Amino acid sequence: MKKQVLSCIQPTGDMHFGNYFGAVKNWVDLQDLYECRYGVVDYHAMTMPYNPKKLRENTWELIINLLATGILPENLFIQSLVPEHVELGWIFNCFASFGQVSRMTQFKDKSAQSEATSESFISVGLFDYPVLMAADILIYRADFVPVGKDQDQHLELARNIAQRFNNQVGAAYFVLPETLHTETPNIRSTADPSRKMSKSAGEKHYINVFADEARIRKQIKSAVTDANNTRAGRGSSGMSEGVANLFELLKACGKLPAHKTLMAAYTAGTLKYVDLKEAVAGALVEVSAVFKEKKAELNANKKEVKDRIKASSAEIRKRAQETLRDVKELAGLVNVRF
Ligand code: TRP
């Protein structure tokens, strides 16, 4: 039997090339190897102060973006359409150590962030976020969870919850999920290659996967190399982070022959950065064009797309219901038959 893969993503804003090459492309590829389920976690998106008028819109937008970039509809679900996640989350609250949850660094970072805003509001949901995340994973009895290293602590918590549950009920019910760390390209901001490409740093620090051709070209044209920025720093090879990032983007786009030629020129000291930028911009525009076409198609059939994802969520929900029925039975709760 195929191993089970589960991962989730929060519905916040645009998808940029850092998200795509760093995570989504890996998800797409894993679909050939494993039984994959990918969730858009709108319950998680409520843990920080948010705009209720925009949440549902962002959720559907992300669904369309994921479909446009190659996630199969049958593997995609919306968390709030599988409310069992929340019920299992409550049960898990009673198997999660308060001390351990208190030590989560993402909570510390995000609550500090929240505290810095004018609202200065920290919800209990933000604190409880990793317990709901454990439910997301364990409800599908996932073997592997493809996430970044920043989520290791959350995965550790999920395993501890699973273990404590198994011990308490005297059954080896949950498999202990493992992170799946795949080597993915580390894409930096083209405006400041010392930082990751990310949305939170501001507009010039990320390139939207669905951006206009002109905008992509302009952003790459103004990318920091080393001639015009000393903050960019230099790696061990002597190559600046900005130049290395452009090479990384070229490779991520699958342009290996061009990569090889340009790298040889770099080594020989004859590379003109305009040529490298030209190649990178062209490669990104090509990738983007395919996605934009797919997105336009999906947007033209929005109603069908929504119905399709509601149906796949209902299908995926069946496995979640099965788990919850088992868990309630084992935990001594009164069960209903589905
Ligand atoms: N916490 C994850 C992040 O910030 C998102 C997430 C929520 C998740 N539930 C999950 C990831 C379950 C993997 C599995 O990126």
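Please refer to the structure placed before this passage.
Residues numbered from 1 in each chain as written. Predicted model: local features only at pLDDT ≥ 70, side-chain atom pairs only at ≥ 80, totals over all residues. Heavy atoms only, no water.

Draft legend 1. Up close: the environment of Gly-13. Note on placement: Gly-13 falls in the loop between strand 1 (4-9) and helix 1 (17-30). Sequence separation between Gly-13 and Leu-62 is 49 residues, and the spatial gap between their C-alpha atoms is 7.7 Å. Leave out the neighbours within four places in its chain, and Gly-13 touches Asn-58 and Lys-199. (Helix = DSSP H or I, 4+ residues; strand = E, 2+ residues; numbered from the N terminus. Contact = heavy atoms within 4.5 Å.)

Draft legend 2. Region of the structure containing the packing of helix 3 (residues 84-93) against helix 6 (residues 124-138). Contact geometry of helix 3 with helix 6 gives a least axis separation of 8 Å together with a crossing angle of 120°. One way to sum up the angle between helix 3 and helix 6 is to call them oblique. Crossing geometry of helix 3 relative to helix 6 is assigned as right-handed. For the pair helix 3 and helix 6, contact is made by His-85, Val-86, Leu-88, Gly-89, Phe-92 and Asn-93 and by Asp-128, Val-131, Leu-132, Ala-134, Ala-135, Asp-136 and Leu-138, respectively. Its residues placed into classes, the contact of helix 3 with helix 6 shows eight nonpolar, three polar and two charged. (Axes fitted to C-alpha atoms, helices over the stretch in contact; angles between N-to-C directions. Parallel < 35°, antiparallel > 145°, perpendicular 65-115°, else oblique. Left-handed = near helix turned anticlockwise from the far one by under 90°. Nonpolar A, V, L, I, M, F, W, Y, C, P; charged D, E, K, R; others polar.)

Draft legend 3. Up close: helix 9 (residues 241-252). In this model, helix 9 (twelve residues) spans 16 Å end to end at C-alpha, consistent with the 16 Å of a helix rising 1.5 Å per residue. Within helix 9, burial applies to Gly-242, Val-243, Asn-245, Leu-246, Phe-247, Leu-249, Leu-250 and Ala-252. Looking at the packing, one finds that the buried side of helix 9 touches helix 1, helix 8 (213-221), helix 10 (256-268) and helix 11 (273-300). Directly beyond the C-terminal end of helix 9, a positive phi value near 80° is found at Gly-254. (Expected span 1.5 Å × (residues − 1). Buried < 20%, exposed > 50% of the residue type's maximum accessible area, 1.4 Å probe, protein only.)

Draft legend 4. Fine view of the site of the ligand. If you check the shell around the ligand, you find Leu-6, Ser-7, Cys-8, Val-41, His-44, Tyr-129, Met-133, Asp-136, Ile-137, Val-145, Val-147 and Gln-151 and nothing else. Here Gln-151 contributes a side-chain N or O atom positioned 3.1 Å from a nitrogen atom of the ligand. Breaking the shell around the ligand down by element, the ones donating at least two residues are strand 1 and helix 6. (Near = heavy atom within 4 Å. Polar contact = N/O pair within 3.5 Å; in protein donor to acceptor, adjacent residues only side chain to side chain.)

Draft legend 5. Broad picture of the packing of aromatic side chains. A complete count under the given rule lists 13 aromatic pairs for this structure. When the ring of Tyr-173 is compared with that of Phe-174, the centres are 4.9 Å apart and the planes differ by 75°; the resulting orientation is edge-to-face. Linked through ring pairs, Phe-92, Phe-95, Phe-165, Tyr-173 and Phe-174 together constitute an aromatic cluster. (Phe/Tyr/Trp six-rings, centres within 6.5 Å; stacked < 30°, edge-to-face > 60°.)

Draft legend 6. Spotlight on unusual backbone geometry. Positive phi is not limited to glycine here, since Ser-120 has a value of about 50°. One non-glycine residue, Arg-141, adopts positive backbone phi at about 50°. Considering the arrangement of structural elements, one finds Arg-141 in the loop between helix 6 and strand 4 (144-145). Accessibility expressed as a relative area gives 18% for Arg-141, which makes it buried.

Draft legend 7. Representation of the state of the cysteines in the model. Under the defined criterion, the tally for this structure stands at zero disulfides. Its sulfur unpaired, Cys-36 is 12 Å from the next cysteine sulfur, which belongs to Cys-8. The class for Cys-36 is buried, based on a relative accessible area of 3%. (Disulfide = S-S within 2.5 Å.)

Draft legend 8. Highlighting the pairing of strand 1. Looking at chain direction, strand 1 and strand 2 (residues 35-40) are connected through six bridges and run parallel. Paired with Cys-8 across the bridge in strand 2 is Gly-39. Crossover connection from strand 1 via helix 1 to parallel strand 2: handedness right-handed. (Pairing = 2+ DSSP bridges. Right-handed = clockwise from strand over helix to strand, strands pointing away.)

Draft legend 9. Structural view of helix 5 (residues 105-116). Look at helix 5: 17 Å from first C-alpha to last across twelve residues, which is about the 16 Å you get at 1.5 Å a residue. Those residues of helix 5 lying buried are Gln-106, Phe-107, Lys-110, Ser-111 and Ser-114. Along the axis of helix 5, the buried positions cluster into a sector of 120°, meaning they face one direction only. Seen from the buried face of helix 5, the exposed residues on the opposite side, beyond 90 degrees, are Asp-109, Glu-115 and Ala-116. The inward-facing, buried residues of helix 5 abut helix 6 and helix 7 (152-169). (Arc of directions from axis to C-beta.)

Draft legend 10. Expanded view of the nonpolar core. Ranked by size, the top nonpolar core spans 56 residues in total, and within it Phe-21, Leu-276 and Leu-284 carry the most contacts. Broken down by element, the residue count for this core peaks at nine residues, all from helix 11. With sequence-adjacent residues up to four places away left out, Leu-276 is seen in contact with Val-243, Leu-246, Phe-247, Leu-250, Leu-262 and Leu-271. Within the second largest apolar cluster, 37 residues are counted, among which are Met-104, Tyr-129, Ile-316 and Ala-320. (Core = buried A, V, L, I, M, F, W, Y, C linked by side-chain atoms within 4.5 Å.)

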